[in-house]
Amino acid sequence: MDAAVDASISQFELNEEQRAIQEMAQAFAADRVAPNALDWDRRKHFPADVIRETGPLGLGGIYIRDDVGGSALGRLDAVLIFEALSHADPAFSSFISIHNMVASMIDRFGNEEQRQRFLPKLTSMEWLASYCLTEPGSGSDAAALKTRAVKSGGDYILNGAKQFISGAGDSDVYAVMVRTGADGPKGISTIVVPKDAPGLSFGANEHKMGWHMQSTRQVIFEDCKVPAENLLSGEGAGFGIAMAGLDGGRLNIAACSLGGAQSALDKALSYTAEREAFGSKINQFQALQFRLADMETELQAARIFLYAAASKLDRKAPDAGKWSAMAKRFVTDTGFNVANDALQLLGGYGYLHDYGIEKLVRDLRVHQILEGTNEIMRVIIARALIGR
């Protein structure tokens with residue numbers, strides 16, 4: 001993994017601090033995540049204890065300001081971290097990404113009192129966080145959400161439900177997009193809901209194709225009372241907050257695909273160097289060599305693309321949103337295809353849980369759907385090119 005990463009990122013001239021960050025994440029992933037990933041997947045176990053171990057390493061607030069315990073790193077730094085973690089387990093890395101997305105929303109859009117109240121416990125990983133946008137009746141059409149929040153004295157009363165929420169029931173706080181005004185994006189607000197809010201409940205854990213170590217449930221609001229002081233940036237600002245969170249989140253999830261796919265390629269290289277057929281190692285057959293060469297080429301192209309997009313977001317380039325969408329589309333498609341090709345190279349063994357590749361294929365498939373489907377990424381890209 002290290003040589004492949006170094007070859008692609010040399011043009012970005014990582015400084016010593018960035019290399020130290022990368023090595024720290026790789027070491028933690030190898031020591032605490034990789035040995036447990038298959039077991040967590042098999043048991044559908046949410047490893048809250050190991051997730052919380054990332055707090056002292058600074059991974060609970062990667063790009064959060066340091067006055068509240070954040071690491072104040074950039075988006076390229078974050079991509080390096082998520083890629084390293086996902087080499088051990090994409091589902092684990094993806095949850096850390098979601099947590100950081102919520103923390104970033106509070107850091108960017110919360111007032112000083114909100115920042116000081118929520119972020120020290122989020123950056124330390126004492127509290128875990130979930131992002132709540134999707135509903136049973138609104139996914140890609142996020143502006144059509146129906147969950148409503150009505151002001152009542154010093155509180156908001158929430159009614160509705162959120163669907164496919166990672167960490168639901170396990171997380172301590174929920175960044176929830178709600179409707180406080182008229183239909184459409186201008187009527188949406190963002191409010192932070194604590195787990196112990198009266199009227200908050202959770203559905204059954206979904207039976208999913210992948211991401212088994214993460215709980216995925218409905219988040220249900222039935223006259224749920226939340227203090228009005230938990231509203232971020234006032235009524236009507238929520239859609240912009242949600243979309244701002246997704247720009248960085250798309251890069252993070254792409255990094256999770258990249259690391260997972262690199263792991264699959266590494267496993268395929270090891271297997272084909274050992275497996276014999278027709279009197280020789282199978283990596284001596286030109287057809288397999290060509291397949292491996294294509295997988296390496298596509299992964300390196302995806303890596304360079306992703307790092308370039310992260311650098312644009314760090315620089316606040318005007319086209320950073322388009323690049324985030326392009327990188328998310330390209331890298332997650334490439335990541336899934338490389339993992340699927342790796343499974344094919346292992347033949348029947350690739351289909352077995354103990355070899356780890358079938359888990360990677362299952363985990364990476366959802367990356368083409370969440371944080372905006374790859375079809376929606378094409379819509380965003382096209383609009384940037386030719387307008388609405």
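Up top is the structure these notes are about.
Residues numbered from 1 in each chain as written. Predicted model: local features only at pLDDT ≥ 70, side-chain atom pairs only at ≥ 80, totals over all residues. Heavy atoms only, no water.

Across its full length, the protein chain holds 12 helices and 10 strands. Taking 2.2 N^0.38 as the reference for a compact globule, 388 residues should give roughly 21 Å; the C-alpha atoms of the protein chain span a radius of gyration of 21 Å, in line with that estimate. Classification of the 388 residues of the protein chain by burial places 55% in the buried group. Restricting the contact set of the protein chain to residue pairs at least 6 apart, pairs at least 24 apart contribute 74%. (Helix = DSSP H or I, 4+ residues; strand = E, 2+ residues; numbered from the N terminus. Rg over C-alpha atoms; globule rule 2.2 N^0.38 Å. Buried < 20%, exposed > 50% of the residue type's maximum accessible area, 1.4 Å probe, protein only. Contact = heavy atoms within 4.5 Å.)

As a further point, take a nonpolar patch on the surface. Taken together, the side chains of Y349, L352 and Y355 present a nonpolar region at the surface, about 270 Å² in accessible area. Residue placement: Y355 occurs in the loop between α10 (320-346) and α11 (357-365). (Patch = residues over 30% accessible without salt bridge, like charges linked within 9 Å, V, L, I, M, F, W, Y side chains within 5 Å. Areas by Shrake-Rupley, 256 points an atom, 1.4 Å probe, with all protein chains shown as cover. Salt bridge = Lys/Arg side-chain N within 4 Å of Asp/Glu carboxyl O.)

Per the counting criterion, the structure on display carries 9 aromatic pairs. With centroids separated by 5.5 Å and ring planes inclined at 40°, the aromatic side chains of Y174 and F202 adopt a geometry described as tilted. In this pair, Y174 sits in strand β4 (residues 173-179) while F202 sits in strand β6 (residues 200-202), placing the two residues 28 residues apart along the sequence. Its relative accessible area of 1% is what places Y174 among the buried residues. Taking 6.5 Å as the distance between ring centres and 80° as the angle between the ring planes, the aromatic pair formed by F278 and F285 counts as edge-to-face. By way of ring pairs, the aromatic residues Y271, Y349 and Y355 are connected into one cluster. Looking at R365, its charged tip hangs above the ring of F336, at a distance of 5.8 Å from the centre. (Phe/Tyr/Trp six-rings, centres within 6.5 Å; stacked < 30°, edge-to-face > 60°. Lys NZ or Arg CZ within 6 Å of the ring centre and 35° of its normal.)

Glancing now at the layout of surface pockets. Within this model, the second largest pocket holds a volume of roughly 200 Å³. Taken together, 15 residues make up the lining of the second largest pocket; nearest its centre are A34, H87, A88, S263 and K267. Mapped onto the lining of the second largest pocket, the elements with two or more residues apiece are α3 (37-43), α5 (75-88), α8 (238-274) and α11. Here the lining of the second largest pocket gets 3 residues from one element, more than from any other, and that element is α8. Residues of the lining of the second largest pocket, tallied by class, amount to 7 nonpolar, 3 polar and 5 charged. (1 Å grid on protein atoms, 1.4 Å probe; cavity = no way out; pocket = protein on both sides within 12 Å on 5 of 7 lines; lining within 4 Å. Points joined across faces, edges and corners; volume = space filled by probe spheres on them. Nonpolar A, V, L, I, M, F, W, Y, C, P; charged D, E, K, R; others polar.)

Once that is clear, we can look at the pairing of strand β3 (residues 155-166). Pairing geometry for strand β2 (residues 148-152) and β3, over 5 bridges, is antiparallel. Bridge pairing in β3 links S152 to D155. In textbook terms, the turn of a hairpin is the stretch between consecutive antiparallel strands, and for β2 and β3 this stretch comprises 2 residues, one of which, G153, has a positive phi near 65°. (Pairing = 2+ DSSP bridges.)

Another point: the nonpolar core. I51, F92, Y131 and L306 are the most contacted members of the largest nonpolar core, which totals 93 residues. If one sorts the elements of this core by residue count, α8 sits on top with 14 residues. When near neighbours in sequence (up to four residues on either side) are disregarded, Y131 contacts I98, M101, V102, M105, I165, A175, M177, A242 and L246. Among the nonpolar cores identified, the runner-up in size contains 18 residues, and A149, Y156, Y174 and V226 belong to it. (Core = buried A, V, L, I, M, F, W, Y, C linked by side-chain atoms within 4.5 Å.)

Right, let's talk about the environment of F82 for a bit. Tracing the sequence through the fold places F82 in helix α5. With 176 residues separating them along the chain, F82 and L258 place their C-alpha atoms 9.0 Å apart. Not counting residues within four places of it along the chain, the set of residues in contact with F82 comprises I62, S93, I96, S97, N100, N252, A255 and C256.

Here we take up the pattern of salt bridges. What the rule picks out here adds up to 21 salt bridges. We note a salt bridge from R43 to D39, for which the minimum N-O separation is 3.0 Å. With R43 and D39 both in helix α3 and 4 residues apart, the pair spans about one turn of that helix. Given a relative accessible area of 30%, D39 falls into the partly exposed group. Linking D354 and R42 is a salt bridge whose minimum nitrogen-to-oxygen distance equals 3.2 Å. Of this pair, D354 sits in the loop between α10 and α11 while R42 sits in helix α3, and the two are 312 residues apart along the sequence. Several salt bridges share partner residues, and in doing so they unite R65, D67, D107, E112 and R115 into one network.

Turning our attention to the side chain of N230. Structurally, the position occupied by N230 is in the loop between β7 (216-227) and β8 (231-232). Within the structure, the side chain of N230 is placed 2.8 Å from the backbone oxygen of V192, a separation counted as a polar contact. Setting aside its immediate chain neighbours within four residues, N230 contacts Q114, R117, F118, T190, I191, V192 and P194. (Polar contact = N/O pair within 3.5 Å; in protein donor to acceptor, adjacent residues only side chain to side chain.)

Its place among the elements puts H367 in the loop between α11 and α12 (374-386). Judged by its relative accessible area of 0%, H367 falls in the buried class. The spatial distance from the C-alpha of H367 to the C-alpha of V331 is 9.5 Å, given a sequence separation of 36 residues. Setting aside residues no more than four positions away along its own chain, H367 makes contact with P90, S94, W211, I253, C256, S257, K328, T332 and N374. A polar atom in the side chain of H367 sits 3.3 Å from the side chain of W211.

Turning our attention to the packing of α8 against helix α9 (residues 286-315). At their nearest, the axes of α8 and α9 sit 10 Å apart, and the two run at 155° to each other. By the angle between their directions, the pair α8 and α9 is classed as roughly antiparallel. Along this stretch, α8 crosses α9, giving a crossing that reads as left-handed. Two secondary-structure elements touch here, α8 through D247, G248, L251, A254, A255, L258, A261, Q262, L265, A268, L269 and T272 and α9 through L288, L292, M295, E296, L299, A302, R303, L306, A309, A310 and L313. A class-by-class count of the residues in the contact of α8 with α9 yields 17 nonpolar, 3 polar and 3 charged. (Axes fitted to C-alpha atoms, helices over the stretch in contact; angles between N-to-C directions. Parallel < 35°, antiparallel > 145°, perpendicular 65-115°, else oblique. Left-handed = near helix turned anticlockwise from the far one by under 90°.)

Limitation: the analysis is restricted to geometry and does not speak to function.
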